[in-house]
Amino acid sequence: MVVNGAVAEGFEPVRAAFVRNFEMLGDRGAAVVVYRDGHQVVDLWAGEKNIDGTVGIEDPWERGTAQIVRSATKGVAAAALLLLHQRGLLDLDAPVGEYWPEFKAAGKERVLVRQVLAHRAGLPVLDRPLTPEESLDPLRGAEAVARQTPVWEPGTDHGYHALTYGWLVGELLRRVTGVGIGDWIAEEIAGPLGADLWVGLPDREAGRVGRVGRIETPAAGDRGLRARPKQTVAEAYEDPASLTRRAFAAITPFPDQNDPAYRAAALPATNGIATADGLARFYASLIGAVDGGTRLFTPGTLAAARTEESAGPDRVLVINTRFGLGYMLHGSASPFLNPGSFGHPGRGGSLGFADPETGIAFGYVTNGFRKTVTADPRAQALVRAVRAALSS
């Protein structure tokens, strides 16, 4: 297996784990980048750019190859709202309806911004899922969640808002700034950092993005049915009445992720596109200055982002999860580097996170999508290798 790139002295275990991902875990095309104290120490890529192609002259994975990162997008979207708060433009403890009056409908008058970020708003499903065409218009998604009745009393429990999170966060940002979230991220996050990440891919970058494998998403369930009790994640996903099934089917059928129209839209829960360096560089900027330059979060914002807001049985993912303000926290559902780490995986394999205590920021992207939602074995092998490198 030909692996391109380099690792700094001491990080050789990461290269070895990356090679094993191709040899033993079936990776076809992928990249991993690690920063330490704001400087890149791992930059590796290998395989093919397109999951449905073969390695050759025209389609090898290159240094600048980008991929869709699914729910790893949520970490970037969360940073947008936290930066508004940091600038005094958004109160995390204010009702969402203070910024978005239409949201007050159907018993949501007391839902707080903080609860949206922590997956406590009770809005993981839509009674009428959006079609793929409707989902490309962010206003249609915002209107749908504004009409939706919560499926639990907001603030009393938590459950992963797999798709609705994007419309909630995106519309909040638009109401505060008057700018779409994709444009705002480009101007306020990616641009200042020089990071290759987009929520809404520009036409000029389309040639850099590889094709990904398809994850089958179930059809929407019948909300009139009653979910079966005590289910595993797999059982819940197959149960038409479960919140799990309904949350992931809020767009039905799920759009083709290789469709240029889908990639150009701004869906901040699911369709961010990034290089491994773009994802790692973003997380490096949350915990310190990158290459001696830009730092996004102040220490206070960083502390808020990774303070536990939700923990325990997740009403959508079924397993125990932990969330800060928009970020998954280290735990059994999504192990990161250390207890203080925070970040977000993407369904199918991608992962980005930061660990302030060690100064590590991590980004992994792949075109070989799997059914995993949180702890993908390829990403976890690389995380363990980083841990081993730090302890050697």
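Owing to the predicted nature of the structure, the values given are computational and were not obtained by experimental measurement.

Engineer: Just to check I follow, could you spell out the overall build of the protein for this structure?
Structural biologist: Each helix and strand in the protein was counted, giving 13 helices and twelve strands. Taken against the 2.2 N^0.38 rule, which gives 21 Å for 392 residues, the C-alpha radius of gyration of the protein at 19 Å falls within 12% of a compact globule. In terms of its C-alpha atoms, the protein occupies a principal-axis envelope of roughly 55 × 40 × 40 Å. For the protein, the residues scored as buried account for 58% of the 392 residues in total. Taking all contacts inside the protein whose residues are at least 6 apart in sequence as the whole, residues at least 24 apart take part in 67%. When the accessible area of the protein is evaluated, it comes to approximately 14800 Å², of which 50% is carbon and sulfur surface. Taken together, the 41 basic and 45 acidic charged side chains of the protein have centroids lying 4 Å from each other.

Engineer: It is not clear to me how the sheet that holds strand S4 (residues 67-68) should be interpreted in this structure. Could you clarify?
Structural biologist: Strand pairing in a sheet is mediated by backbone hydrogen bonds. Such pairs are either parallel or antiparallel. Sheet architecture is open: three strands sit in the order S4-S6-S5, paired in antiparallel fashion. Looking at the sheet topology across the chains shown, the edges are occupied by S4 and strand S5 (197-198).

Engineer: Would you mind showing me how to read the side chain of Thr366 here?
Structural biologist: In this fold, Thr366 is placed in strand S12 (residues 360-366). A polar atom in the side chain of Thr366 sits 3.3 Å from the backbone oxygen of Gly29. Not counting the four nearest positions on each side in its chain, Thr366 is found in contact with Asp27, Gly29, Ala30, Trp61, Gln67, Gly348, Gly349, Ser350 and Arg378.

Engineer: Help me out: how do you make sense of the side chain of Arg281 in this one?
Structural biologist: Relative to the helices and strands, Arg281 is located in helix H11 (residues 276-287). With a relative accessible area of 14%, Arg281 lands in the buried category. Of note is the side chain of Arg281, whose polar atom sits 3.1 Å from the side chain of Tyr35.

Engineer: I keep staring at the nonpolar core and nothing clicks. Help me out?
Structural biologist: As a rule of thumb, nonpolar side chains are buried together in soluble globular proteins. With 86 residues, the main nonpolar core has Ile189, Phe282, Tyr283, Phe297, Tyr327 and Phe342 as its most contacted residues. Here this core gets nine residues from one element, more than from any other, and that element is helix H2 (residues 73-86). Apart from the residues lying within four places of it in its own chain, the contact partners of Phe282 are Gly75, Val76, Ala79, Ile189, Leu193, Leu197, Leu296 and Tyr327. Among the nonpolar cores identified, the runner-up in size contains 39 residues, and Val3, Val32, Tyr160 and Ala247 belong to it.

Engineer: How should I be thinking about the packing of helix H5 (residues 138-147) against helix H6 (residues 164-177) in this particular structure?
Structural biologist: One can describe the packing of H5 onto H6 by two numbers: an axis separation of 9 Å at closest approach and a directional angle of 105 degrees. As summarised for this structure, H5 and H6 are arranged roughly perpendicular, according to the angle between their axes. Here H5 contributes Pro138, Leu139, Gly141, Ala142 and Val145 to the contact with H6, which in turn contributes Thr164, Trp167, Leu168, Glu171 and Arg174. Split into classes, the residues belonging to the contact of H5 with H6 amount to six nonpolar, two polar and two charged.

Engineer: I would appreciate a short explanation of the pairing of strand S3 (residues 39-47) in the present structure.
Structural biologist: Consecutive side chains of a regular strand alternate in pointing toward one face of the sheet and then the other. Burial runs high along S3: seven of the nine residues are buried. With five bridges joining them, strand S1 (residues 3-7) and S3 adopt antiparallel strand pairing. Its bridge partner lying in S3, Val3 is registered against Ala46. What sits between strand S2 (residues 29-36) and S3 in their antiparallel hairpin is a turn of two residues, with Asp37 showing a positive phi close to 50 degrees.

Engineer: Whenever I open this one, helix H7 (residues 181-193) confuses me. Can you help?
Structural biologist: Because each turn of an α-helix spans 3.6 residues, side chains separated by three or four positions in sequence point in the same direction. A rise of 1.5 Å per residue sets the reference length of H7, with its 13 residues, at 18 Å; its end C-alpha atoms lie 17 Å apart and thus fit the reference within 8%. Of all bends in H7, the biggest is about 30 degrees, found at Glu187. Burial in H7 covers these residues: Ile181, Gly182, Trp184, Ile185, Ile189, Ala190 and Leu193. Tucked into the core, H7 has its buried residues touching H2, H6, S5 and H11. Two residues or fewer after H7 comes Gly194, characterised by a positive phi angle close to 65 degrees.

Engineer: Mind showing me how you'd approach helix H13 (residues 377-391) here?
Structural biologist: Helix length check: H13 (15 residues) gives 21 Å between terminal C-alpha atoms against 21 Å at 1.5 Å per residue, within 8%. Residues Arg378, Ala379, Gln380, Ala381, Leu382, Val383, Ala385, Val386 and Ala389 constitute the buried set of H13. The residue sitting at the N-terminus of H13 and contributing the capping side-chain oxygen is Asp376; that oxygen lies 2.9 Å from the backbone nitrogen of Arg378.

Engineer: Please explain the pairing of strand S10 (residues 342-345) as it appears in this structure.
Structural biologist: Here S10 shows a buried face lined by Phe342 and His344 and a second buried face lined by Gly343 and Pro345. Of the pairings in the sheet, the one linking strand S9 (residues 328-329) to S10 comprises two bridges and is antiparallel in character. Each residue of the ladder has a partner; that of Leu329, found in S10, is Phe342. Relative to strand S11 (residues 351-355), S10 is paired through four bridges, and the arrangement is antiparallel. Along S11, the bridge assignment pairs Pro345 with Leu351.

Calculation criteria
- Residue indices follow the written sequence of each chain, beginning from 1 at its first position.
- Local features in a predicted model are, by the rule used here, given only for residues with pLDDT of at least 70; side-chain atom pairs are given and counted only at 80 or more, and totals for whole chains, interfaces and linings are based on all residues.
- To get the side-chain values, take all heavy atoms of the structure and skip hydrogens and water.
- Secondary structure follows DSSP: runs of H or I at least 4 residues long count as helices, runs of E at least 2 residues long count as strands, and numbering of each begins at the N terminus.
- Between the two quantities, the radius of gyration covers C-alpha atoms and the globule rule is 2.2 Å times the number of residues to the power 0.38.
- For every residue, the accessible area (1.4 Å probe, protein chains only) is compared with the maximum for its type, and the residue is labelled buried under 20%, exposed over 50%, or partly exposed between those bounds.
- Should any heavy atoms of two residues lie within 4.5 Å, those residues are counted as being in contact.
- For accessible areas, the Shrake-Rupley method is used with a probe of radius 1.4 Å. Any residue's cover is judged against the shown protein chains and nothing else.
- Positive residues here are Lys and Arg, negative ones are Asp and Glu, while His and the chain termini are left out of the count.
- To locate a charge, take NZ of a lysine, CZ of an arginine, CG of an aspartate or CD of a glutamate.
- When DSSP finds two or more bridges between two strands, those strands count as paired.
- Counting of polar contacts relies on pairs of N or O atoms within 3.5 Å, with two restrictions inside protein: one atom must be capable of donating a hydrogen and the other of accepting it, and residues adjacent in sequence are counted only when both atoms are side-chain atoms.
- Definition of nonpolar core: a set of buried residues of the types Ala, Val, Leu, Ile, Met, Phe, Trp, Tyr and Cys, connected through side-chain atoms within 4.5 Å.
- Simply put, an axis is a line fit to the C-alpha atoms, just over the touching stretch for a helix, and the angle between two N-to-C directions goes from 0 to 180 degrees.
- Reported orientations rely on four angle classes, namely roughly parallel under 35 degrees, roughly antiparallel over 145, roughly perpendicular from 65 to 115, and oblique for the rest.
- All residues other than Ala, Val, Leu, Ile, Met, Phe, Trp, Tyr, Cys, Pro, Asp, Glu, Lys and Arg, Gly among them, are scored as polar; the first ten of these are nonpolar and the last four charged.
- Residue count minus one, scaled by 1.5 Å, sets the expected span of a helix.
- Fitting one axis to the seven residues ending at a residue and another to the seven starting there, the bend at that residue is the angle between the two axes.

Treat this as a map of the structure, not an account of what it does.
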